[in-house]
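Next come the chains, spelled out residue by residue.
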Amino acid sequence: MSRTALEAEPDSPPPPGDDHAFFGQPRGLLTLSGLEVWERFSFLGMQAILVLYFADSIAHGGMGMSSGTAASVSAAYGTLVYLVSVAGGWLADRILGSFRAVLWGGVLIACGHYAMAVPTPTTTWAGLGLISAGTGLLKPNVATMVGKLYRTDDERRDAGFALYYMAINIGAFAGPLITGWLGDHKGWHWGFSAAAIGMTFGLVQYVAGRRHLAGRGSSAEFALAPDALRRAVRLIVVGIAVAAVLAALLAFAGRLTMGRFVDLLTVVSVVAPVVYFAVMFMSPRVTAEERGRLRPYIVLFLASTVFNFILFQAYSTMMLLAASNAETTILGFDFPASWYASALGAFEVGLAPVVAALWVRMGRSQPHASNKIAIGVVLGGLSFLLMVLPTSGHANNDYLMSAWWIVGSYFLLGLGDILLETSGMSATTKLAPAAFSSQTMSLWFLSLALANGIQAQTVKFYDDVSKPAYFGVNGAIAVAAGLAVTAAAPWLRRTMHPVH
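Residues numbered from 1 in each chain as written. Predicted model: local features only at pLDDT ≥ 70, side-chain atom pairs only at ≥ 80, totals over all residues. Heavy atoms only, no water.

Below, the discussion takes up the overall build of the chain. Check the secondary structure of the chain and you find 18 helices and 2 strands. Taking all contacts inside the chain whose residues are at least 6 apart in sequence as the whole, residues at least 24 apart take part in 84%. As presented, the chain carries roughly 19600 Å² of accessible surface, and 69% of it is formed by carbon and sulfur atoms. (Helix = DSSP H or I, 4+ residues; strand = E, 2+ residues; numbered from the N terminus. Contact = heavy atoms within 4.5 Å. Areas by Shrake-Rupley, 256 points an atom, 1.4 Å probe, with all protein chains shown as cover.)

The next point concerns the pattern of salt bridges. When the charged atoms of two side chains with opposite charge come close together, those side chains can pair. Applying the stated criterion across every chain, the model contains 3 salt bridges. Across the salt bridge formed by Glu36 and Lys139, the nearest N and O atoms sit 3.0 Å from each other. Highlighted residues: Glu36 in helix α2 (residues 28-55) and Lys139 in helix α5 (residues 121-147), separated in sequence by 103 residues. Residues Glu36 and Lys139 agree in their burial class; the two are buried. (Salt bridge = Lys/Arg side-chain N within 4 Å of Asp/Glu carboxyl O. Buried < 20%, exposed > 50% of the residue type's maximum accessible area, 1.4 Å probe, protein only.)

Where α2 meets helix α11 (residues 317-325), the axes come as close as 9 Å, and the angle between the chain directions of the two elements is 65 degrees. Crossing of α2 against α11: the hand is right-handed. Seen from α2, the contacting residues are Ala48, Val51, Leu52 and Ala55; seen from α11, they are Met319, Leu320 and Ala323. Considered class by class, the residues forming the contact of α2 with α11 number 7 nonpolar, no polar and no charged. (Axes fitted to C-alpha atoms, helices over the stretch in contact; angles between N-to-C directions. Left-handed = near helix turned anticlockwise from the far one by under 90°. Nonpolar A, V, L, I, M, F, W, Y, C, P; charged D, E, K, R; others polar.)

Evaluation of the coordinates by the stated rule reveals 15 aromatic pairs. Here the aromatic residues Tyr53, Phe54, Trp125 and Phe192 are joined through ring pairs into a cluster of three or more. A cation sits over an aromatic face here: Lys467 above Tyr462, 4.6 Å from the ring centre. (Phe/Tyr/Trp six-rings, centres within 6.5 Å; stacked < 30°, edge-to-face > 60°. Lys NZ or Arg CZ within 6 Å of the ring centre and 35° of its normal.)

For the rest of this paragraph, the subject is the environment of Val102. Relative to the assigned elements, Val102 resides in helix α4 (residues 98-116). Spatially, the C-alpha atom of Val102 lies 4.3 Å from that of Leu138, the residues being 36 residues apart in sequence. Non-local contacts of Val102, meaning those with residues more than four positions away in its chain, are made with Leu35, Leu137, Leu138, Asn141, Val142, Met145 and Tyr206.

The next thing to look at is the packing of helix α3 (residues 67-96) against helix α9 (residues 258-282). Packing of α3 against α9 brings their axes to within 10 Å, and their N-to-C directions diverge by 35 degrees. The element α3 and its partner α9 pack so that their crossing is left-handed. Here α3 contributes Ser72, Val73, Ala76, Thr79, Leu80, Leu83 and Val86 to the contact with α9, which in turn contributes Met258, Val262, Leu265, Val268, Ser269, Ala272 and Tyr276. When grouped by side-chain class, the residues that make up the contact of α3 with α9 number 11 nonpolar, 3 polar and no charged.

What follows is about the nonpolar core. Within the largest apolar cluster, 94 residues are counted, with the highest numbers of intra-cluster contacts made by Met46, Phe54, Tyr340, Ile406, Tyr410 and Leu446. In this structure Tyr410 touches Ala314, Met318, Met319, Tyr340, Ala341, Ala343, Leu344 and Phe347, once residues within four positions along its chain are discounted. (Core = buried A, V, L, I, M, F, W, Y, C linked by side-chain atoms within 4.5 Å.)

In this section: the confidence of the model for the chain. In the predicted model, the chain carries a mean pLDDT of 81, and 88% of its residues have values of at least 70. By mean pLDDT, helix α1 (residues 3-6) is the weakest element of the chain at 36, and helix α17 (residues 467-487) is the strongest at 92. Here residues 1-12 is a poorly scored stretch, pLDDT under 50, and it has 25 contacts once near neighbours within four places are set aside; other chains count. (pLDDT = per-residue confidence, 0-100.)

Relative to the assigned elements, Leu389 resides in helix α14 (residues 388-391). Exposure remark for Leu389: the relative accessible area of 57% places this residue in the exposed category. For Leu389 and Lys467, which are 78 residues apart along the polypeptide, the C-alpha to C-alpha distance reads 10.0 Å.

It is worth spelling out the side chain of Thr124 at this point. Relative to the helices and strands, Thr124 resides in helix α5. A distance of 3.3 Å separates polar atoms of two side chains, one belonging to Thr124 and the other to Tyr53. Aside from chain neighbours lying at most four places away, what touches Thr124 is Tyr53, Met116 and His189. (Polar contact = N/O pair within 3.5 Å; in protein donor to acceptor, adjacent residues only side chain to side chain.)

A word on the side chain of Gln47. Relative to the assigned elements, Gln47 resides in helix α2. Beyond its immediate sequence surroundings of up to four residues, Gln47 is in contact with Ser74 and Tyr315.

Quick look at the environment of Thr123 now. Its location among the elements puts Thr123 in helix α5. Remark: the alpha-carbon pair of Thr123 and His113, spanning 10 residues in sequence, is separated by 9.6 Å. Contacts of Thr123, omitting those with residues within four sequence positions, involve Ala115, Met116 and Val118. In this structure the side chain of Thr123 is engaged in a polar contact, spanning 2.7 Å, whose partner is the backbone oxygen of Val118.

The next subject is α2. For α2, which comprises 28 residues, the first-to-last C-alpha distance of 41 Å matches the rise-based estimate of 40 Å (1.5 Å per residue) to within 8%. Its axis deflected by about 30 degrees at Ile49, α2 carries its strongest bend there. (Expected span 1.5 Å × (residues − 1). Bend = angle between axes of the 7 residues up to and from the residue.)

Moving on, we come to a nonpolar patch on the surface. A contiguous nonpolar patch, built from Trp125, Met258, Phe261, Leu264 and Val268 and spanning about 400 Å² of accessible area, is present on the exposed surface. In terms of residue count, the dominant contributor to the nonpolar patch is α9 (4 residues). Inspection of the secondary structure assignment puts Met258 in helix α9. (Patch = residues over 30% accessible without salt bridge, like charges linked within 9 Å, V, L, I, M, F, W, Y side chains within 5 Å.)

Here it is, written out as structure tokens:
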């Protein structure tokens, strides 16, 4: 990659309101959506086979974990990914700037997938670490860059996020198809190789389309002073080195086991958002008006946590259920169990433009963002409650349910995801205090970390309780949470200005 390709260009204002080059949206949305197509291709393509790789026997190239342990470790990896997004948001705001944070995040992700393509446990864990760091840089900042394409009062904003979400789910659809087939027919590490190539394509198109992006400047929006910057870099380098040495010593002494590491990540996922909200509420750089908008955001944060607790199990417990108790034939066509994950992406690709068109057509009469989020949480709960039916009434665990049960569950989950994530991310960019713009998006991703942290503990019971009880209890909790958000809607409408 040439030097000029890596150098950021001067700051640019948001595109004018008459920029309708990409399906009525700013042309920069095409560049950012294209990047996320390939990032999701690599990330979810890998995640669709990760839990199966962990649970597969060592003789077949897997890691030999039990189902509950495999799901827990997979969830812990997701926790780490989104915890690191806090650092990614801070680095973008204070040191790198959004454009460079996204660029170097993508580079780390690609390197991580290439490492996982090497069939050894050491390179697998190293690759997961690189992907976690890279995703933490990329995810919060690319979503923030989407928000910068629009003025706050632009009615195309929610529709733009819906199209963005549709585009990235093209990758979510295609990724498991490719990695799943390779993992099933050639070996798990062949699937990881495909993820690496996909992320490389994403980086190429991101650099090629950078001229259409707002806020692609060479400096951070709230850059540290030179002396503070040098101190921050020293602290970061020393902190990483100390943490690495300490972890190695504890692991060598047998004190840092995989189970303890998973538990530690869960604790951090609970503490981090509490601390982060406290910092923003007490910051002198946050105005009273901005502080008032953070209060309803706590409700959105909790709603996101509940929904994503269900959503992320599409790649853990649901994938394990599909591999052991679901038919892998539809209309006479046989397919790997990991392809079920593609159904989720396919539904979101198909439904996102319908939802986007509906919001544009309804204009200001569309439901308030809080109502969209509440409906999304309820749909997530219903997707799990649906699984109570085919898993009930069996004397043992050797039954096979029709593929359509899981497909139907993923349909409800996909529709709920579109409603919640697009509205939630859009609301986040509107409610964010100016001094914490990228970091507030990181806070949204901390809800995903918390969801994974909770999941890392609950999935441990997957092997110990009946499937109807597991899916029924989790689904009922999600439905109740969605109804609670609906009950709070009048207060949310009053306090979430300028979100509508």
